[in-house]
Amino acid sequence: MEEALVEIIAQLSWPLLALLIAVCLAALGKGADWLVEEAVALSERSGIPKVVIGATIVSVGTTTPEAVVSVLAAVQGKAGLALGNAVGSIICDTGLILGVACLIRPLPLDPTIVNRQGWIQIGAGFLLVAAATPWGDLASAAASGGRLPRAAGVLFLLLLAAYLWQSVRWSRREAMTHVEPVLEEEMVEQFETPDVSAPLARVIAKLLGAIGVVVASSWVVIPAVSEAATRMNVPESVIAATMVAFGTSLPELVTSVTAARRGHGELAVGNVVGADILNVLFVAGAAAAVTPGGLAAPGHFFTLYFPSMLLLLVIFRVGIFVSGDHLRRPFGAVLLAAYALVTVFSYVGRGEGG
């Protein structure tokens, strides 16, 4: 069945291929929205506090498109696509999404988020690069690349479990001590939760349907991206780190833009910080964990994508220190410019160096 799909996609004209990729990416974003909405409804029926739902279901749900695409790509032997999606999503979240949110309205900085999860965010980025770096032969990284081993993927998933557990503890403590704002609870409010009195069978059916949309869209978009990469003579990881990363980051984009427009700027910042952490621990971790040989990181990851990812994370961290109590529009312009440069170099360089 997979071979038949590949053959069908190979026969599509350029306009139809581009349309197919766009539709799949849009379906991924919408599927993630439905997934979160129905999961929240199911959780509220069971009496789980909103702070717990926000710290676990919502944060994981908005990152599900990246995880499904990367895991399926890894299983199909497309390691560059799997890792490119994870790294590219961090670049997209920090550069594009946070930059756009800043331009819409200056974003207030919640000290709890930027001083707690913010350090985890930048630490996760450096941990990913360190785990994929060939420390025994650093000189070969640019030419031969490195590898994110399976053991590192398993470690990332264990750290993910610890992070989610700690997030729930933080959420409960903040709710009990009435610390404002409780960002995880506000995040739940950003989604239009269905009527929790709806029949349980209907909620479960919608939840399974949303999962099906995400999986089916991912299953189709992977060979479509591979075909586009072949026609453009660029590595799959380049398209994954740009086009696919943008598409799978749509849930974070919608959430952050909506939050900024409604005056919940601190939620937009918290959403990006949390998504970056999960892109390392959940997306890259799961993709590496299901692959016996781990995920290969081609040379251009070390010459372009890893440095770009770390640069954006450092710019964000520096921006926190110099911006006072708000991230203002000029800072958003800096983030957008950095994102645009990475995207341009991705295609101008044609993935050189690996």
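Conventions adopted
Residues numbered from 1 in each chain as written. Predicted model: local features only at pLDDT ≥ 70, side-chain atom pairs only at ≥ 80, totals over all residues. Heavy atoms only, no water. Helix = DSSP H or I, 4+ residues; strand = E, 2+ residues; numbered from the N terminus. Buried < 20%, exposed > 50% of the residue type's maximum accessible area, 1.4 Å probe, protein only. Contact = heavy atoms within 4.5 Å. Areas by Shrake-Rupley, 256 points an atom, 1.4 Å probe, with all protein chains shown as cover. Salt bridge = Lys/Arg side-chain N within 4 Å of Asp/Glu carboxyl O. Expected span 1.5 Å × (residues − 1). Bend = angle between axes of the 7 residues up to and from the residue. Phe/Tyr/Trp six-rings, centres within 6.5 Å; stacked < 30°, edge-to-face > 60°. pLDDT = per-residue confidence, 0-100. Patch = residues over 30% accessible without salt bridge, like charges linked within 9 Å, V, L, I, M, F, W, Y side chains within 5 Å. Axes fitted to C-alpha atoms, helices over the stretch in contact; angles between N-to-C directions. Left-handed = near helix turned anticlockwise from the far one by under 90°. Nonpolar A, V, L, I, M, F, W, Y, C, P; charged D, E, K, R; others polar.

## Describing the overall build of the chain
Here comes step 1: Looking only at helices and strands, the chain features 14 helices and four strands.
Here comes step 2: Expressed as a percentage of the 354 residues in the chain, the buried residues total 56%.
Here comes step 3: The long-range share in the chain, meaning contacts at least 24 apart out of those at least 6 apart in sequence, stands at 86%.
Here comes step 4: With the model as given, the accessible surface of the chain reaches about 14,100 Å², and the carbon-plus-sulfur share is 68%.

## Brief notes about the pattern of salt bridges
Here comes step 1: Under the definition given, this model contains three salt bridges.
Here comes step 2: Between Glu236 and Lys78 there is a salt bridge, with its nearest N and O atoms 3.6 Å apart. With Glu236 in helix 10 (residues 236-248) and Lys78 in the loop between helix 3 (50-75) and helix 4 (79-104), the pair connects residues that are 158 residues apart, well separated along the chain.
Here comes step 3: Looking at Glu236, the relative accessible area reads 23%, which means it is partly exposed.
Here comes step 4: Ionic pairing is found between Asp325 and Arg328, a salt bridge with its closest N-O pair at 3.6 Å.

## Observations regarding helix 12 (residues 265-289)
Here comes step 1: For helix 12, spanning 25 residues, the distance from its first C-alpha to its last is 35 Å, which sits close to the expected 36 Å at 1.5 Å a residue.
Here comes step 2: Maximum bend of helix 12: about 40 degrees, positioned at Asn279.

## A few points about the packing of aromatic side chains
Here comes step 1: Enumeration according to the criterion identifies four aromatic pairs in this entry.
Here comes step 2: An angle of 55 degrees between the planes, with centres 6.4 Å apart, marks the rings of Trp119 and Phe321 as tilted. Here Trp119, found in helix 5 (residues 111-132), pairs with Phe321, found in helix 13 (residues 299-322); they are 202 residues apart in sequence, far enough to count as distant.
Here comes step 3: Residue Trp119 is classed as partly exposed on the basis of its relative accessible area of 43%.
Here comes step 4: Overall, Phe321 belongs to the exposed group, its relative accessible area being 57%.

## Thoughts on unusual backbone geometry
Here comes step 1: Look at Asn233: it is not a glycine, yet its phi comes out positive at around 60 degrees.
Here comes step 2: Relative to the assigned elements, Asn233 resides in the loop between helix 9 (200-232) and helix 10.

## Observations concerning the environment of Leu313
Here comes step 1: One can find Leu313 in helix 13.
Here comes step 2: Taking C-alpha positions, Leu313 is 9.5 Å from Gly123, a pair spaced 190 residues apart along the chain.
Here comes step 3: Those residues in contact with Leu313 that sit more than four places away from it in its chain are Ile90, Thr94, Gln121, Ile122, Gly125 and Asp276.

## Some details on the confidence of the model for the chain
Here comes step 1: Residue-level pLDDT values for the chain average 84, and 89% of them are 70 or greater.
Here comes step 2: Here helix 8 (residues 183-189) stands out as the least confident element of the chain, with mean pLDDT 61; strand 2 (residues 146-148) is the most confident, with 94.

## Quick word on the side chain of Thr64
Here comes step 1: Residue position: Thr64 is located in helix 3.
Here comes step 2: Each residue touching Thr64, except ones within four places of it in the same chain, is listed here: Leu35, Val214 and Phe282.

## Here's the deal with a nonpolar patch on the surface
Here comes step 1: Nonpolar side chains collect at one region of the surface, where Trp119, Phe126, Val314, Val318, Phe321 and Val322 lie side by side and expose about 610 Å² of accessible area between them.
Here comes step 2: At the level of secondary structure, the elements contributing two or more residues to the nonpolar patch comprise helix 5 and helix 13.

## What to know about the packing of helix 5 against helix 12
Here comes step 1: Between helix 5 and helix 12, the least distance of the axes is 9 Å, while the angle of their chain directions is 30 degrees. You can see that helix 5 and helix 12 cross each other, and the crossing is left-handed. Touching Ile113, Val114, Gln117, Gly118, Ile120, Gln121, Ala124, Gly125 and Leu128 of helix 5 are Val269, Gly270, Val273, Asp276, Ile277, Val280 and Ala284, all from helix 12.
Here comes step 2: A breakdown of the residues in the contact of helix 5 with helix 12 according to their chemical character gives ten nonpolar, five polar and one charged.

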